[in-house]
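# A look at the structure
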Amino acid sequence: HHPHYSRFLRPNGELIVKLKRAVYGCIEAAKLWHLHLTKSLATLGYHPNAYDPCVFNKQGSDGLQCTIVLHVDDLLITSASPALIDELVNALQAEYKETKVVRGPIVPYLGMTLDFSSPGSVSITMDGMVDAILNDCNLDDLAKSTRSPAMDGLFECDDTSPLLDPKDKKYFHTFTARMLY
């Protein structure tokens, strides 16, 4: 402990500080990031969608639209106009030096694989998430050999069994949430 700061220490040993800028992991950081990014997009002529504030749209001079879907710092950008996409990507890379871009008919996004290779449609799969869940549940062998995810006795209930212990509750809720995603 530096003696200069000892006068700021609380009786329980905590020190409360005011940050001068956002620090990754702090509650305020996500909000500040979102405000900064949406301001950058607004400067580029993008407007939030009236139905979903995490979707931004811009109509180019050629009449084609560019749509951006935001999830924290992951952006999914779609447009029939390669020029609008190039303009946006160049501006984002100028503003945010660490910007990584994946282009093509098949792109990963938030654990999904979006396949735009069939004109007029998109196929969405989550094979990586499914594999991770099966691996984490140690069900690889069972999943490969069963014809149904339902096991014998699926609808049988033992009302005399105790509630789940905290460790099993966490396991159940974690994997249920992952499967819902």
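That block above? That's the structure.
Here the structure is a predicted model, which means the values were calculated and not measured. (Residues numbered from 1 in each chain as written. Predicted model: local features only at pLDDT ≥ 70, side-chain atom pairs only at ≥ 80, totals over all residues. Heavy atoms only, no water.)

### A closer look at the packing of aromatic side chains
Between two aromatic rings, the relevant description is the distance of the centres plus the angle of the planes. In the structure shown here, the tally under the stated rule is two aromatic pairs. Measuring from ring centre to ring centre gives 5.2 Å for W33 and Y96, while their planes differ by 70 degrees; the resulting arrangement is edge-to-face. Remark: Y96 occurs in the loop between α2 (82-95) and β5 (106-109) and W33 occurs in helix α1 (residues 27-43); sequence separation between them is 63 residues. Taking the relative accessible area as the measure of exposure, Y96 reaches 15% and is therefore buried. Between Y171 and F175, the aromatic rings sit 4.6 Å apart at their centres with planes inclined by 50 degrees, giving tilted as the arrangement. Placement of both Y171 and F175 in helix α5 (residues 166-180) is noted, with a separation of four residues, approximately one turn of the helix. (Phe/Tyr/Trp six-rings, centres within 6.5 Å; stacked < 30°, edge-to-face > 60°. Helix = DSSP H or I, 4+ residues; strand = E, 2+ residues; numbered from the N terminus. Buried < 20%, exposed > 50% of the residue type's maximum accessible area, 1.4 Å probe, protein only.)

### Remarks on the sheet that holds strand β7 (residues 123-125)
Adjacent strands of a sheet form backbone hydrogen bonds with each other and so pair up, either parallel or antiparallel. What the three strands build is an open sheet, ordered β5-β6-β7; its pairing is antiparallel. Of all strands in the sheet, those with a lone pairing partner are β5 and β7, marking the two edges. Averaged over all pairs of adjacent strands, the angle between their axes in this sheet comes to 20 degrees, without regard to strand direction. In this sheet, strand β6 (residues 112-115) lies alongside β5 in antiparallel orientation, the contact comprising four bridges. Across the sheet, I106 pairs through a bridge with D115, a residue of β6. (Pairing = 2+ DSSP bridges. Axes fitted to C-alpha atoms, helices over the stretch in contact; angles between N-to-C directions.)

### Remarks on the layout of surface pockets
In this model, the largest pocket occupies a volume close to 1,100 Å³. Lining the largest pocket are 33 residues, and of these D73, D74, L75, L76 and K100 lie nearest its centre. Going through the elements one at a time, α1, β4 (74-79), α2 and β5 are the ones with two or more residues in the lining of the largest pocket. If you tally residues by element for the lining of the largest pocket, the top one is β4, at six residues. Within the lining of the largest pocket, the residues separate by chemical class into 22 nonpolar, five polar and six charged. (1 Å grid on protein atoms, 1.4 Å probe; cavity = no way out; pocket = protein on both sides within 12 Å on 5 of 7 lines; lining within 4 Å. Points joined across faces, edges and corners; volume = space filled by probe spheres on them. Nonpolar A, V, L, I, M, F, W, Y, C, P; charged D, E, K, R; others polar.)

### Quick look at the pairing of strand β3 (residues 65-71)
Note that strand β2 (residues 55-59) and β3 share five bridges and pair antiparallel. Looking across to β3, one finds that K58 is bridged to C66. The pairing of β3 with β4 spans six bridges and is antiparallel. In the sheet register, T67 faces β4, and the bridge partner there is T78. Hairpin geometry of β3 and β4 is characterised by an intervening segment of two residues between the two adjacent antiparallel strands and by a positive phi of about 55 degrees at V72.

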